[in-house]
Amino acid sequence: MTVWLLGDQLNPNAAPLRHDDHVLMIEAHGFAERMPYHPQKLTLVFSAMRHARDALRDAGYEVTYVEAESFGEGLDRYFEANPGDALVLQRPASHGAGERLRDMVEARGGDCTLVANDGFLTTPDDWDEWTAGRGSDGASGNDAGTYRQEHWYRHVRRETGILLTDDGDPVGGEWNYDDDNRETPPDDWSPPEIPEFEPDAITRDVHAFVADRYDDHWGSADLADFVWPVTREQALQALDHFLEVRLPAFGPYQDAMVEGEWALDHSLLSPAINLGLLHPREVVEAVVDAYRAGDDGDDSDGPEVPLNSVEGFVRQVIGWREFMRHVYRESMPGMDEANQLDQTRDLPEAYWTGDTDMTCLSEAVGHVREHGYAHHIERLMVLSNFALIYGADPGELNRWFHLGFVDAFHWVTTPNVVGMGSFATDALSSKPYASSANYVNRMSDYCSSCPYYHTRTTGDGSCPFNALYWDFLKRNEKVLRGTGRMGLMYSHVDDKGDEEWAAIEERAAEIREMGANGTL
């Protein structure tokens, strides 16, 4: 038996590796021609795979490492040398990938057994048990096919005991500390330095290969911008850095946006987790342990970590990440093509060029171009929100996220971007995450330096978010009016007269034209 290890399954403690000492890894280069993936994303994946190969060999595994144009070519070469071999493969998280890969193996005379994916904290059986007979959001009487994260999150905490007292109650008395996590930093605040890892020979070789072969791809190919851990050891160092330096202020500022700052106090661990260099369980346990160590009054155990920071991070991992994985499984095929609002416009040129006078959009796109990363509020309330009210095709937005972010895979972006950010399906939310400039102004310092006026809806210099927001509500009234929590917004829609609507529609059309021709 041989364990076939994919590039996002790099945890050395994965279950299949405990039973077999022969490993197959295929570094396939042709897939990266399908779309202009960010050079840092490709550098990260290929470098992490090569480092994992060497670490496995050092640990005593026999590793066959094949560099090929495709999985098919790699399998051809492998089975020429190992005819009839039997492979064990963790089921990939992306829809249909396991069956496709198994068919490829069997077509070459081999055998392929799909086993559970070891990169998650919960299993499909856990999800099925939770949803069985209770309505798909975990509360009886709800429509099938609609999922609510908060119910799932509480269920997982009850099942695992994470952040629970001995009596089974949430630590601190509350399940959710969102209300404490909406602060913006003071003017004299500066974020902690990010952890940096000096590129070694492997990473430099991979970077040179990527820069040469994929020289027309989108995003910075500058190695100086590459900050991501590529080994298990580096990932653990990044985790320690988060616990000791970034976690205490993570909670209060997790939704904040600050001009010139791309990382703030965010963990920056999602790429390592999604590649398998870190397991979500060990990350969550380390964060909870840091809280308990600081809470016991012994300063030698580490800094005191506020509960709202710990709970906020735990919710992102065991709540949101696990939840999105299962909703994706349940909603595919189909979710990636969903478009309940029939939005078909191309993305504004600014998503590709970064050239725009809108400070918020310029900052968010710039972060992705430079680092392949933007934090969750930039993703949802700037990049997705603007594309939503602009009328962009959710499939095109999903493609942009998939190619641009170092932590993006199809199972990651599709529910987050198509389901949550674009409201192309109501599987995840009863309302769209659409807003005017008010949200950006409240959660950032962007509006103070922006030439657009966040207080104006129409006329020269009015913030593009505002006219587009109201025009979005008007255009989609048939779908959205009466939708959960939209009543207040539609009372404001009803208050506007014909003359005001004419000005809004004129300004929205002007903004879309500016977005299309790159003059936004």
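Below you will find a few notes about this structure. Bear in mind that the values here come from a model prediction, so they are computed numbers and not experimental data.

### Digging into the side chain of asparagine 117
Okay, so step 1: Looking at the element boundaries, asparagine 117 is found in the loop between strand S5 (111-115) and helix H4 (124-131).
Okay, so step 2: For asparagine 117, the side chain forms a polar contact with the main-chain oxygen of arginine 91, separated by 2.8 Å.
Okay, so step 3: A distance of 2.8 Å separates the side chain of asparagine 117 from the backbone nitrogen of glycine 119, its partner in a polar contact.
Okay, so step 4: If we skip the residues at most four places from it in the chain, asparagine 117 touches Gln9, Gln90, Arg91, Pro92, Ala93 and Arg325.

### Re the side chain of serine 267
Okay, so step 1: With respect to the helices and strands, serine 267 occurs in the loop between helix H7 (232-253) and helix H8 (270-275).
Okay, so step 2: Those residues within four positions of serine 267 in sequence are excluded, and the remaining contacts are Phe242 and Phe313.

### Regarding empty space enclosed by the protein
Okay, so step 1: With the rule as written, the count across this model stands at four cavities of 30 Å³ or more.
Okay, so step 2: In this model, the largest cavity occupies a volume close to 170 Å³.
Okay, so step 3: Along the walls of the largest cavity sit 19 residues, with Asp8, Gln9, Asn117, Gly119 and Gly276 positioned nearest its centre.
Okay, so step 4: In this structure, the second largest cavity spans a volume of roughly 80 Å³.
Okay, so step 5: In this structure, the second largest cavity is lined by Met358, Thr359, Cys360, Ala437, Val440, Tyr446, Cys447, Cys450, Tyr452, Cys463, Pro464 and Phe465.

### Things to note about the environment of serine 362
Okay, so step 1: With respect to the helices, strands and loops of the structure, serine 362 is situated in helix H12 (residues 359-371).
Okay, so step 2: The class for serine 362 is partly exposed, based on a relative accessible area of 26%.
Okay, so step 3: With 331 residues separating them in the primary sequence, serine 362 and phenylalanine 31 have C-alpha atoms 29 Å apart.
Okay, so step 4: Ignoring anything within four residues of it in the chain, the contact list for serine 362 reads Gly354 and Thr356.

### Side note on the packing of helix H17 (residues 464-475) against helix H20 (residues 498-517)
Okay, so step 1: Their axes nearest at 8 Å, the elements H17 and H20 cross at an angle of 115°. It follows from the interaxial angle that H17 and H20 lie roughly perpendicular. With respect to the hand of their crossing, H17 and H20 are arranged in left-handed fashion. Along the contact surface, H17 presents Pro464, Ala467, Leu468, Trp470, Asp471, Lys474 and Arg475, while H20 presents Trp501, Ile504, Glu505, Arg507, Ala508, Ile511 and Arg512.

### A word on the pairing of strand S3 (residues 62-68)
Okay, so step 1: When strand S2 (residues 22-28) meets S3, the two strands line up parallel, connected through seven bridges. Considered in S3, the bridge of alanine 28 is made with alanine 68.

### Brief notes about the packing of aromatic side chains
Okay, so step 1: Following the criterion strictly, the structure yields 28 aromatic pairs and no others.
Okay, so step 2: Summarising the aromatic geometry, the rings of tryptophan 228 and tryptophan 262 are spaced 6.0 Å apart at their centres and angled 75° between planes, so their arrangement reads as edge-to-face. In this pair, tryptophan 228 is assigned in the loop between helix H6 (201-213) and H7 and tryptophan 262 in the loop between H7 and H8, connecting sequence segments 34 residues apart. In this pair, the class of tryptophan 228 matches that of tryptophan 262, namely buried.
Okay, so step 3: A connected cluster of aromatic rings, assembled from ring pairs, spans Trp218, Tyr351, Trp352, Trp400, Phe401 and Phe405.
Okay, so step 4: The residue whose ring lies beneath lysine 41 is phenylalanine 409, and the NZ or CZ to ring-centre distance is 5.3 Å.
Okay, so step 5: Over the aromatic face of phenylalanine 120 sits the side chain of arginine 325, whose NZ or CZ is 4.1 Å from the ring centroid.

What counts as what
Residues numbered from 1 in each chain as written. Predicted model: local features only at pLDDT ≥ 70, side-chain atom pairs only at ≥ 80, totals over all residues. Heavy atoms only, no water. Helix = DSSP H or I, 4+ residues; strand = E, 2+ residues; numbered from the N terminus. Polar contact = N/O pair within 3.5 Å; in protein donor to acceptor, adjacent residues only side chain to side chain. Contact = heavy atoms within 4.5 Å. 1 Å grid on protein atoms, 1.4 Å probe; cavity = no way out; pocket = protein on both sides within 12 Å on 5 of 7 lines; lining within 4 Å. Points joined across faces, edges and corners; volume = space filled by probe spheres on them. Buried < 20%, exposed > 50% of the residue type's maximum accessible area, 1.4 Å probe, protein only. Axes fitted to C-alpha atoms, helices over the stretch in contact; angles between N-to-C directions. Parallel < 35°, antiparallel > 145°, perpendicular 65-115°, else oblique. Left-handed = near helix turned anticlockwise from the far one by under 90°. Pairing = 2+ DSSP bridges. Phe/Tyr/Trp six-rings, centres within 6.5 Å; stacked < 30°, edge-to-face > 60°. Lys NZ or Arg CZ within 6 Å of the ring centre and 35° of its normal.

So yeah, pure geometry; function would need other evidence.
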